[in-house]
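Structural overview for review
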Amino acid sequence: MKRSLFVIFGIIFLLKTLESFVIYGHVDAINYHIVIAKYLSNGLWTEAWTTIPGSLMSGFFEFLYVIPHYIFDYGLKAHVSSQFLHYFFSLGIGSILVFNSIKNKDKVYAALAGISLLTIAKGSSFFLYAKNDGPLALSILLLYIFFERVRVKDSLSKKELITLGFLLGLAPAIKGSGILYIIPIALTFTYLHLKKPLQVLSVALISLLTWGPILFRNYYYIGNPLFPGLIEQIPGSASQAMIDYYSHHMSSKPTFVSIMMNIKSLFLGKVIFLLSLVCFVKNIIDKRNDSNKVMYFLLSSFVIMMFLNGGVTAVRFLFPAYFVLVYYIFSNINNVLPKKSYVPIILLILCLVDSKIDKSFSRIKKMTKNYINLSEDEVIKKVIPLTAFWKHIDPSSKSLLYSDNLSQQYYAPLNMRVIQYQHNPAAYFTKSCSSDENLEEFKMFKYALIRADIDNPCYSLILNSQKLSTINEYSLYKLR
């Protein structure tokens, strides 16, 4: 059984790796995640943080995307390579990490843990897009595993203090929501080491130094180091549209329905996640309190999340919890289930029942069948239809393009800058454009890509200009 599980683990690992090379047109990736790398690899540092919508929500992982962009420049090869990096630094390393962390207890359960993590059901495609949600989940898993090993120590070595401080700072430096997962561990460490204030201060300082570059960048460019967090309290130079947009996504009040939906998403990220509740209760009954510390930390983070932003039901915010649940379940399963030969078989079935392996096969098959004989331009046009707009843009001169919705600008000419009014204070006036002064300001734009039809002078100017193309509900204009 052990050998068979290792083979299955390896096959699924290979399958998910191949799936990361399928071309995806997910909007966040081509709106800003890899657009940042496109700009940075071409020396456009300031433009990366001031013109790309959403760029200040990014963290350390977007800098890793610069590597394939230096190698390939921007385009399909860099896009797909970035997808692989996201997969590898999430599901890839995560599955190997849980395997290695559990193998000394039980190699069978270690292999099942790896399979379970690779086949997360809810939101699984997000690990294949060129985003940063997966690396955040991996960083939280690393933190939980490391802290569980050093938590019982009265005093930590210098190496352990540096590692803990780095991991506490790394999570929010990858993605701001990571701070919600580090709070319980940071508070627990502080409480356990109150009599060693120098250790607490050392960890806090290292954490801040790790997170510091992102905090400084956000403060420098928008006046709020925690952006988009606390945007209502610290608006900085954000426009009202930015405040409204980010407040809705970052501080949405919980409702009974939203909390129930989030609880359902938490424990049904895979069917097998329900075993975490069985392990939790059994550990309480058997008075194995230390074995439940991981769940106490995790549930505390979940409560904080529900209190601060429980109205949002986006499953990607639960990815770190999914990684930790896999580790917790298979670290404790020996205490719950009987040691019978059929148990691993049942667990394997539970891992595979919602694995979406069929979807992975289908995607790979479709890619090899439909795209293998197409040129890069043909593939891009087929997968991301809105990129057809960019062939109408003059690539020889720098130009500003006004946008009132998602721009999907990754494949646009390098000299084009998309200014989206919801995310750019300089363009917010267009929403209520009403004067000759506004029209004069609007002359900075050479093109407009619009979805809305607003009754004001700026939109009248757009609609009376040369229409270059219409795709779905979007229209591109060259302004007069």
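In the block above lies the structure referred to throughout.
For every chain, the first residue of its written sequence is number 1, and the numbers climb from 1 along that sequence. The predicted origin of the model limits local features to residues at a pLDDT of at least 70 and limits the giving and counting of side-chain atom pairs to 80 or more, whereas totals for whole chains, interfaces and linings rest on all residues. Heavy atoms from the whole structure form the basis of all side-chain values; hydrogens and water molecules are not counted.

1. Some remarks on the overall build of the protein chain
Under the convention used in this document: Helix and strand definitions here come from DSSP, where helices need a minimum of 4 consecutive H or I residues and strands a minimum of 2 consecutive E residues; each element is numbered from the N-terminal end. All radius of gyration figures rest on C-alpha atoms, and the globule criterion is 2.2 Å times the number of residues raised to 0.38. For every residue, the accessible area obtained with a 1.4 Å probe (protein chains only) is divided by the maximum for its type, and the residue is called buried under 20%, exposed over 50%, and partly exposed between those limits. Contacts are assigned to residue pairs that have any heavy atoms within 4.5 Å of one another. Within this scheme the basic residues Lys and Arg register as positive and the acidic residues Asp and Glu register as negative, but His and the chain ends are omitted. Charge positions come from single atoms, namely NZ of Lys, CZ of Arg, CG of Asp or CD of Glu.
Assigned secondary structure in the protein chain consists of 21 helices and 5 strands. The C-alpha radius of gyration computed for the protein chain amounts to 24 Å, which stays within 12% of the reference 23 Å derived for 480 residues, consistent with globular compactness. Along the longest, intermediate and shortest principal axes, the C-alpha atoms of the protein chain span 75 × 55 × 45 Å. Split into buried and exposed, the 480 residues of the protein chain put 55% on the buried side. Counting only contacts in the protein chain whose residues sit at least 6 apart along the sequence, the fraction spanning at least 24 positions is 71%. Taken together, the 47 basic and 28 acidic charged side chains of the protein chain have centroids lying 12 Å from each other.

2. A few points about the packing of aromatic side chains
Condition: What counts as a ring pair is set by centres within 6.5 Å for rings of Phe, Tyr and Trp (its six-membered ring), and what kind of pair is set by the plane angle: stacked under 30 degrees, edge-to-face over 60, tilted for all other angles. Cation placement over rings: the criterion is NZ of Lys or CZ of Arg within 6 Å of the ring centroid and within 35° of the ring normal.
This model, assessed by the stated rule, comprises 30 aromatic pairs. Judged by centre distance (6.2 Å) and plane angle (80°), the rings of Y74 and Y410 are edge-to-face. Taken as a pair, Y74 in the loop between α5 (66–72) and α6 (76–102) and Y410 in the loop between β1 (399–403) and β2 (416–420) lie far apart in primary sequence, 336 residues in all. Overall, the relative accessible area of 25% leaves Y74 in the partly exposed class. The exposure class of Y410 is buried, given its relative accessible area of 0%. Geometrically, the ring pair formed by Y410 and Y411 is edge-to-face, given 4.8 Å between the ring centres and 85° between the ring planes. Judged by relative accessible area, Y411 falls into the buried class, the value being 14%. The structure contains a cluster of three or more aromatic residues connected by ring pairs, namely F13, F21, F61, Y65, F84, Y87, F88 and F89. The ring of Y74 has K38 sitting right over it, with the charged end atom 4.3 Å from the ring centre. For R217, the ring lying beneath its charged end belongs to W49, and the centroid distance is 4.5 Å.

3. Some thoughts on the packing of helix α10 (residues 179–192) against helix α15 (residues 293–309)
Short version of the rule: To obtain each axis, a line is fitted to C-alpha atoms, and for helices this fit is confined to the stretch in contact; angles are then taken between N-to-C directions over 0 to 180 degrees. Roughly parallel here means an angle under 35 degrees, roughly antiparallel means over 145, roughly perpendicular means 65 to 115, and every remaining angle is called oblique. Crossings are classed by handedness, with left-handed meaning an anticlockwise turn of the near helix from the far one by less than a right angle and right-handed meaning a clockwise turn. Amino acids are sorted into nonpolar (Ala, Val, Leu, Ile, Met, Phe, Trp, Tyr, Cys and Pro), charged (Asp, Glu, Lys and Arg) and polar (every other residue, Gly among them).
Relative to each other, α10 and α15 sit at 130°, their axes nearing to 8 Å. Considering the angle they form, α10 stands oblique to α15. The two elements α10 and α15 cross, and the hand of that crossing is right-handed. Two secondary-structure elements touch here, α10 through L180, Y181, I183, P184, I185 and T188 and α15 through F297, L298, S300, S301, I304, M305 and L308. Of the residues contributing to the contact of α10 with α15, the split by class is 10 nonpolar, 3 polar and no charged.

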